[in-house]
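Structural characterization, general
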Amino acid sequence: MIVIMGGEKGGTGKTTLATNLAAMRVLRGRDVLLVDTDKQESSNYWAITRAQGEAASSRVVCAQKLGGSVLRLGTDPYKTYEDIIVDAGGRNSIELRATMTIADALFIPVQPSQFDLWTLARMNELVREARVVNPKLRAVVLINRASTNPGVSETADTVKILRDYPNLAFTGIIIRDRIAYRKAASLGLSVIELEPSDSKAIEEMHAFYREVYNDWKTFEKQPPRTQNE
Ligand SMILES: Nc1ncnc2c1ncn2[C@@H]1O[C@H](COP(=O)(O)OP(=O)(O)O)[C@@H](O)[C@H]1O
Ligand SMILES: [Mg+2]
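Keep in mind it's a predicted model, so treat the numbers as computed, not measured. (Residues numbered from 1 in each chain as written. Chains lettered and ligands numbered in written order. Predicted model: local features only at pLDDT ≥ 70, side-chain atom pairs only at ≥ 80, totals over all residues. Heavy atoms only, no water.)

**Quick notes on the nonpolar core**
Judged by nonpolar contacts, the single largest core of 35 residues is most densely connected at Leu-21, Ile-85 and Phe-208. If you look at the next biggest cluster of nonpolar residues, it comprises 33 residues, including Ala-63, Ala-88, Ala-103 and Ile-143. (Core = buried A, V, L, I, M, F, W, Y, C linked by side-chain atoms within 4.5 Å. Buried < 20%, exposed > 50% of the residue type's maximum accessible area, 1.4 Å probe, protein only.)

**Focus on the pattern of salt bridges**
Applying the stated criterion to the full structure yields 11 salt bridges. Put simply, Arg-50 and Glu-193 hold a salt bridge, and the shortest N to O gap is 2.8 Å. Taken as a pair, Arg-50 in helix H2 (residues 42–52) and Glu-193 in the loop between helix H6 (179–187) and helix H7 (199–213) lie far apart in primary sequence, 143 residues in all. Exposure remark for Arg-50: the relative accessible area of 2% places this residue in the buried category. The salt bridge involving Glu-125 is made with Arg-128; its shortest N-O contact spans 2.7 Å. Taken as a pair, Glu-125 and Arg-128 lie in helix H4 (residues 117–133) at a separation of three residues, close to a single helical turn. One continuous salt-bridge network, built from bridges that share partners, spans Arg-25, Arg-30, Glu-82 and Asp-83. (Salt bridge = Lys/Arg side-chain N within 4 Å of Asp/Glu carboxyl O. Helix = DSSP H or I, 4+ residues; strand = E, 2+ residues; numbered from the N terminus.)

**Details of the site of ligand 1**
Of all residues adjacent to ligand 1, which total 15 residues, the nearest are Gly-11, Lys-14, Thr-15, Thr-16 and Asn-144. At 3.1 Å from a nitrogen atom of ligand 1 is found a side-chain nitrogen or oxygen belonging to Arg-182. The fraction of the free accessible surface of ligand 1 (560 Å²) that becomes covered by protein chains is 81%. Listing elements by their share of the shell around ligand 1, those giving two or more residues are helix H1 (14–27), strand E6 (138–146), strand E7 (169–176) and H6. Per element, the largest residue contribution to the shell around ligand 1 is three residues, and it comes from H1. (Near = heavy atom within 4 Å. Polar contact = N/O pair within 3.5 Å; in protein donor to acceptor, adjacent residues only side chain to side chain. Areas by Shrake-Rupley, 256 points an atom, 1.4 Å probe, with all protein chains shown as cover.)

**Description of the pairing of E6**
Within E6, seven of the nine residues are buried, which leaves the element mostly enclosed by the surrounding structure. When strand E5 (residues 105–110) meets E6, the two strands line up parallel, connected through six bridges. Across the sheet, Ile-108 pairs through a bridge with Val-141, a residue of E6. Of the strand pairs in this sheet, E6 and E7 are connected by four bridges, and their pairing is parallel. In the strand pairing of E7, Val-141 is matched with Phe-170. (Pairing = 2+ DSSP bridges.)

**So, H7**
Between its first and last C-alpha, H7 extends 21 Å over 15 residues, near the 21 Å set by a 1.5 Å rise per residue. Taken across its 15 residues, H7 has 11 buried, putting it largely inside the fold. Listed in full, the buried residues belonging to H7 are Ala-201, Ile-202, Glu-204, Met-205, His-206, Phe-208, Tyr-209, Arg-210, Glu-211, Val-212 and Tyr-213. Regarding H7, its N-cap is Asp-198, as a side-chain oxygen of that residue lies 3.0 Å from the backbone nitrogen of Lys-200 further along. Count one or two residues on from H7 and you reach Asn-214, which has phi positive near 50°. (Expected span 1.5 Å × (residues − 1).)

**Thoughts on the packing of aromatic side chains**
The tally for this structure, following the rule as stated, stands at two aromatic pairs. Summarising the aromatic geometry, the rings of Phe-107 and Phe-208 are spaced 5.7 Å apart at their centres and angled 85° between planes, so their arrangement reads as edge-to-face. With a gap of 101 residues between them, Phe-107 in strand E5 and Phe-208 in helix H7 connect regions that are remote in the sequence. Neither Phe-107 nor Phe-208 differs from the other in exposure class; each is buried. Here the aromatic rings of Tyr-209 and Tyr-213 are separated by 5.3 Å at their centres, their planes lie at 55°, and the arrangement is tilted. Note that Tyr-209 and Tyr-213 are positioned in helix H7 at a spacing of four residues, about one turn of the helix. In this structure Tyr-209 comes out as buried when scored by relative accessible area, which is 1%. Above the plane of the ring of Tyr-213 lies Arg-25, whose end atom (NZ or CZ) is 3.6 Å from the centre. (Phe/Tyr/Trp six-rings, centres within 6.5 Å; stacked < 30°, edge-to-face > 60°. Lys NZ or Arg CZ within 6 Å of the ring centre and 35° of its normal.)

**Brief notes about the environment of Lys-14**
Within the element layout of this structure, Lys-14 appears in helix H1. Judged by its relative accessible area of 6%, Lys-14 is buried. Sequence separation of Lys-14 and Val-86 is 72 residues, and the distance between their C-alpha atoms is 9.1 Å. If we ignore the near neighbours within four places in the chain, the residues touching Lys-14 are Met-5, Gly-6, Gly-7, Lys-9, Asp-87, Ala-88, Gly-89 and Pro-109. Within the local environment of Lys-14, its side chain forms a polar contact with the backbone oxygen of Lys-9, the two atoms lying 2.5 Å apart. (Contact = heavy atoms within 4.5 Å.)

Honestly, it's all geometry; don't read function into it.
Set out below in structure tokens:
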């Protein structure tokens, strides 16, 4: 399965989500390839830090792919990876558009404080185009770096905003701004490996993991009820 953390805006959390997901998947015993399409190589740097540090019990294989070479991820030898997680950073990137034609899902982190309608309109259009050749592509917006001070109704606001963008779904995932994410990143870890642990960050990443892999058993939570229940 190929999943992308994408979006054309920088600093929204693509690398944070891609690296957390990759580590969690490896910890579940999966054969994982993390792909960095950003020239800044933050995911790659995270994987190197992880390999060199003492804190992580397992490595994450990371490869950098630039330009149209990302399309090779859908062919041998990459097909042998059970999970490919693409950190598609960069502005107006060819890598993002190319991987969208072969991926199973695209997750677009956005920050509630700077809901960028132009970006959402553009992503909505890119998803429409990608689905012409890749109809299976899921496209999900999630909120990252929301305030830990609730009071604002991010969920209702997001649902309202996304009504105008029919190709983008919102499943209610909200990740809040927590020091644990930054600390884990600097050590080459996921938040679920970080000591001392931040239980709220861990629960957020478990919820995100369940959403991405539709895996409701791994972290012992009941699946959401369907409308018929
Ligand atoms: N939920 C979060 N809480 C705290 N800091 C975060 C969170 N998500 C991202 N960050 C921090 O914000 C910065 C940008 O995030 P990053 O994942 O690198 O974004 P992108 O890859 O989209 O440019 C990084 O310093 C990262 O550690
Ligand atoms: Mg990045």
